[in-house]
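Chain by chain, the residues:
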Amino acid sequence: MRRIWVFAAVICAVLMAGAAPSSVAALGSLKGLFVAEASLDDIPELRKLAAKEDAEAQYLLYVAYRQFPRDGAGPGVATEQLISRSEAEAGLRAAAEQGHDKAVAQLGLALLQGQSVRRDARGAVPWLEAAYARTTDQKPGAAYLLGDALLLAKDRTDEERQRGLELIEEALAGGIEIAVRPKARQMQRSGDAVGARALLEAAVSADNPAANAPLARMLIDGTGGEADVARGLDLLRQAEQAGDTLAAAELGREHLKGGHLLRKPRVAIGLLARHGEKEFGVRQAIAQLLVVFRASPKNAAGLFFRLKEDEQVGEPEAAWNLLQLLDRKRDHFRDDGYVFDLVGRHKASDVRIEVWNAKINARFARLSDTPEVLTKQVKVTLGRMIEQQVPQALTLKGHLLRAGHIYPRDDRVASLTFLEAAKLGDVEAIVQVAKAYDEGLGAPKDRAKYIAWLREAVAHGSVEAKLDLIWEYKFGPPVTVREGVTEAIAAYGNEVGPIVIPMTLGGLFSRARIGGPSDAELVSAFMDGFRAGPAAAEGNKILALQRAVPQRVWAQVEAALVAEGLFDGPAEGHFGPDARTALMDWVLAKGPLP
């Protein structure tokens, strides 16, 4: 018989808060709030009992959903052996409404931390109040959860804040080590950063692992005292190695910023993903990063499942972030059928997704037996949204005008429509305006304007425009050596977009480039590329570069490293292991590129 234990929810709660494994023991007093056992041999029988308002069965539906392996099935899937997310939430709420002790506590925890329901610290308070009132031997753990909920509620009163702090003190006195985090957080928010740092220092000295990550952040940022970046990073590494996912996320942020650690987006995504299954904000940040960077976190399946849950419970921006990720069809993040379900659920509440739905309808109009129906629907939708100045609607209309689909083809009007959307800040439209000047579509060819609009798109975060600038470099000014060479190496190291840099660098380093830089400028820009994308200097990546970049360039890089005192070999351009080590030492010494 397969059995599940709800005490796993306690461990999940600790991890979601970012505690190290040793903090789990400190939350042992919570065990009585959640422990339960359920057989998963007969889910249909549980459903029958739940339909008869059996509170235990209702509660166990939630337990089964959270703990039963789903073998890749999404949160909306329900079968004889699987509970859907909505079914699980309904069961948990029904059991809690009936006063089921464990359901009351679990619902409060689920609302506080977003465990398969939409986060709602305010909504968690009454349930955690009830759990706190009902328990005796689990008082410290219950005090921690209730105190945290009161402090996180955005509309809390001064009285609630004070009570929250008192409950956190009660939790700390009862051995709940992780409670040091909300206490320090509130001290900082109240303007006592010095006191918060002293509190965390004392906790670290007392071997409380929950204090490591927040103290490290204060040390790195110089909050509440002088900065000590080296010690802060050391604390994060120790905590990350001990299993603290919050510390892993903080290290990931440092690798993403490239301030105190080398900028390595793929490494950053992997570190962030360890905390992403437990923290909504981190998950959404990862979804946005995966739209740009090609990475496959080890826990991709679990992360994808939680992203789908965020969308289905209605978390803000979750649907849009997931839709963009699904559109990129990244490894481990593919589900074509889910796109249609997602769009159907959110097209009435998000204008960007309504535009997406219009794009789908426009596409299917080509295949429909009655295309005029979908054509009319698309025109009405876009007309209404354009009146509301929705930039994405203008951009879609521009594409349709350019293709001669839905509307008669008119390149001039298409370009003007893209321009209108670009002025409203739509990055896709900005790229299309650039292309209009490049290809002479509804506008005269003008390379200077093409480059200017590409730069505008880059300023708005367009990866496509950055790659286009790299390509344009070999055709001469006004593209700069930084835009062409430095950014090419950075894109290669960071694995941005579909570009295959080694295949294009031969042209970038051609002596025939009109208005080309001097060799000194070229080599300086080349070396700066490794500062912007350090992964390009590692392993097989740099070996591929060595085959693509002329030997004369590597010889000059070696000469520059000799001048820096980092390389003592002959500057002949062979760039062996010693030269590669010297290059990485140079990158570390110079730090990230501003």
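So, how was this worked out
Residues numbered from 1 in each chain as written. Predicted model: local features only at pLDDT ≥ 70, side-chain atom pairs only at ≥ 80, totals over all residues. Heavy atoms only, no water. Salt bridge = Lys/Arg side-chain N within 4 Å of Asp/Glu carboxyl O. Helix = DSSP H or I, 4+ residues; strand = E, 2+ residues; numbered from the N terminus. Buried < 20%, exposed > 50% of the residue type's maximum accessible area, 1.4 Å probe, protein only. Phe/Tyr/Trp six-rings, centres within 6.5 Å; stacked < 30°, edge-to-face > 60°. Lys NZ or Arg CZ within 6 Å of the ring centre and 35° of its normal. Arc of directions from axis to C-beta. Contact = heavy atoms within 4.5 Å. Expected span 1.5 Å × (residues − 1). 1 Å grid on protein atoms, 1.4 Å probe; cavity = no way out; pocket = protein on both sides within 12 Å on 5 of 7 lines; lining within 4 Å. Points joined across faces, edges and corners; volume = space filled by probe spheres on them. Nonpolar A, V, L, I, M, F, W, Y, C, P; charged D, E, K, R; others polar. Axes fitted to C-alpha atoms, helices over the stretch in contact; angles between N-to-C directions. Parallel < 35°, antiparallel > 145°, perpendicular 65-115°, else oblique. Left-handed = near helix turned anticlockwise from the far one by under 90°. Patch = residues over 30% accessible without salt bridge, like charges linked within 9 Å, V, L, I, M, F, W, Y side chains within 5 Å. Areas by Shrake-Rupley, 256 points an atom, 1.4 Å probe, with all protein chains shown as cover. pLDDT = per-residue confidence, 0-100.

S.K.: I'd like to hear about the pattern of salt bridges, residue by residue, with values.
M.R.: Evaluation of the coordinates by the stated rule reveals 38 salt bridges. Close ionic contact of Glu317 with Arg352 constitutes a salt bridge, the shortest N to O distance being 2.7 Å. Taken as a pair, Glu317 in the loop between helix H18 (300-313) and helix H19 (318-328) and Arg352 in helix H21 (residues 351-365) lie far apart in primary sequence, 35 residues in all. Since its relative accessible area comes to 18%, Arg352 is described here as buried. Between Lys435 and Glu464 there is a salt bridge whose closest N-O contact spans 2.6 Å. Here the residue Lys435 occupies a position in helix H25 (residues 427-439), and Glu464 occupies one in helix H27 (residues 463-472), the gap between them amounting to 29 residues. With relative accessibility at 37%, the residue Glu464 sits in the partly exposed group. Taken together, the shared-partner salt bridges in this structure form one network comprising Arg217, Asp221, Glu250, Arg253, Glu254 and Lys257.

S.K.: So what about the packing of aromatic side chains? Which residues, and what values?
M.R.: Enumeration according to the criterion identifies eight aromatic pairs in this entry. Relative to Phe305, the ring of Tyr65 lies with its centre 6.2 Å away and its plane at 35°, an arrangement referred to as tilted. Of the two residues, Tyr65 sits in helix H5 (residues 55-67) while Phe305 sits in helix H18, which places them 240 residues apart along the sequence. There is no split in this pair, since Tyr65 and Phe305 are both buried. Both rings, one in Trp554 and one in Phe575, keep their centres 4.6 Å apart while their planes meet at 45°; by these two values the pair is tilted. Of this pair, Trp554 sits in helix H32 (residues 551-563) while Phe575 sits in the loop between H32 and helix H33 (577-590), and the two are 21 residues apart along the sequence. As far as burial versus exposure is concerned, Trp554 and Phe575 are alike and both buried. Clustering of aromatic rings is evident, with ring pairs tying together Phe526, Phe530, Trp554 and Phe575. Positioned over the ring face of Tyr132 is Lys139, at 4.3 Å from the centre of the ring. The lysine or arginine in question, Lys474, covers the ring of Trp471, its NZ or CZ lying 3.5 Å from the ring centre.

S.K.: Describe helix H4 (residues 43-51), and please don't skip the residues or the numbers.
M.R.: Inspection of H4 places Ile43, Leu46 and Ala50 among the buried residues, and these make up the whole buried set. The arc enclosing the buried residues of H4, seen along the axis, measures out at 55°, which places them on a common side. Pointing more than 90 degrees away from the buried face of H4 are the exposed residues Lys48 and Ala51. A positive phi of about 65° marks Glu53, the residue just after H4.

S.K.: Describe the side chain of Glu250, and please don't skip the residues or the numbers.
M.R.: Residue position: Glu250 is located in helix H15 (residues 245-257). Beyond its immediate chain neighbours, meaning those up to four positions away, Glu250 contacts Arg217 and Leu236.

S.K.: Before we move on, can you summarise unusual backbone geometry with the specific residues and values?
M.R.: Backbone torsion omega between Pro477 and Pro478 reads 10°, so that peptide bond is classified as cis. Positionally, Pro478 belongs in the loop between H27 and helix H28 (481-494). In this model, Ser116 sits at a positive phi of 70°, which is unusual for a non-glycine residue. Mapped onto the elements, Ser116 comes out in the loop between helix H7 (101-113) and helix H8 (121-134). By relative accessible area, which is 4% here, Ser116 ends up buried. For Asp207, which is not glycine, the phi dihedral falls at a positive 65°. With respect to the helices and strands, the residue Asp207 is situated in the loop between helix H12 (193-205) and helix H13 (212-221). With a relative accessible area of 63%, Asp207 lands in the exposed category.

S.K.: Which residues make up H8, and what are the values?
M.R.: Along its 14 residues, H8 runs 20 Å from first to last C-alpha, staying within 8% of the 20 Å computed at 1.5 Å per residue. All buried positions along H8 are accounted for by Ala121, Gly123, Ala124, Val125, Trp127, Leu128, Ala131 and Tyr132.

S.K.: Help me get a handle on the layout of surface pockets, residues and values and all.
M.R.: By volume, the largest pocket is sized at about 1,400 Å³. Taken together, 45 residues make up the lining of the largest pocket; nearest its centre are Asp327, Arg328, Trp356, Lys359 and Glu428. Looking at the lining of the largest pocket, the elements that each hand over two or more residues are helix H17 (280-292), H19, helix H20 (336-346), H21, helix H23 (391-403), H25 and H27. Estimates place the volume of the second largest pocket at around 1,200 Å³. Residue lining of the second largest pocket: 38 residues in total, with Asp148, Leu152, Arg185, Arg189 and Glu279 positioned closest to the centre. Counting only elements with at least two residues in the lining of the second largest pocket, the list comes to H7, H8, helix H9 (139-152), helix H11 (180-189), H13 and H15.

S.K.: Kindly report on empty space enclosed by the protein, identifying the contributing residues and their values.
M.R.: Summed over the entire model, instances satisfying the criterion amount to two cavities of 30 Å³ or more. In this model, the second largest cavity occupies a volume close to 40 Å³. What lines the second largest cavity is a set of 11 residues, among which Gln113, Gly114, Arg119, Phe280 and Arg283 lie closest to the centre. Tallied by class, residues from the lining of the second largest cavity come to three nonpolar, two polar and six charged.

S.K.: So what's going on with the packing of H13 against helix H14 (residues 229-241)? Residues and values would help.
M.R.: Relative orientation of the contacting elements H13 and H14 amounts to 160°, with a least axis distance of 8 Å. Taken together, the axes of H13 and H14 lie roughly antiparallel to each other. Note that H13 runs across H14; the crossing there is left-handed. In this structure, H13 uses Asn212, Ala213, Leu215, Ala216, Leu219 and Ile220 to contact H14, whose residues at the interface are Val229, Arg231, Gly232, Leu233, Leu235, Leu236 and Ala239. When its residues are assigned to classes, the contact of H13 with H14 shows 10 nonpolar, two polar and one charged.

S.K.: Mind laying out a nonpolar patch on the surface, listing which residues take part and the relevant values?
M.R.: Together, Phe340, Phe364 and Leu367 make up a nonpolar patch on the protein surface, roughly 320 Å² of accessible area in all. When you line up the elements, Phe340 lands in helix H20.

S.K.: Give me the confidence of the model for the protein: which residues, what numbers.
M.R.: Looking at the protein, the pLDDT average stands at 89 and 90% of residues meet or exceed 70. Segment residues 1-32 is flagged for pLDDT under 50; beyond a separation of four residues in sequence, or across chains, it makes 95 contacts in the model.

S.K.: So what's going on with the environment of Leu251? Which residues, and what values?
M.R.: Considering the arrangement of structural elements, one finds Leu251 in helix H15. In this structure, the C-alpha to C-alpha distance between Leu251 and Arg237, residues 14 residues apart in sequence, is 7.6 Å. If sequence neighbours within four positions are ignored, Leu251 has contacts with Leu233, Leu236, Arg237, Glu240, Leu261 and Leu271.

S.K.: I'd like a description of the packing of H11 against H12, backed by residues and values.
M.R.: Remark: H11 packs on H12, axes separated minimally by 7 Å, with the N-to-C direction vectors making an angle of 160°. By the criterion of interaxial angle, the relationship of H11 to H12 is roughly antiparallel. For H11 against H12, the interelement crossing comes out left-handed. Together, Val180, Lys183, Ala184, Met187 and Gln188 of H11 and Ala193, Gly195, Ala196, Leu199, Leu200 and Ala203 of H12 make up the contact between the two elements. In terms of residue class, the contact of H11 with H12 is built from eight nonpolar, two polar and one charged.

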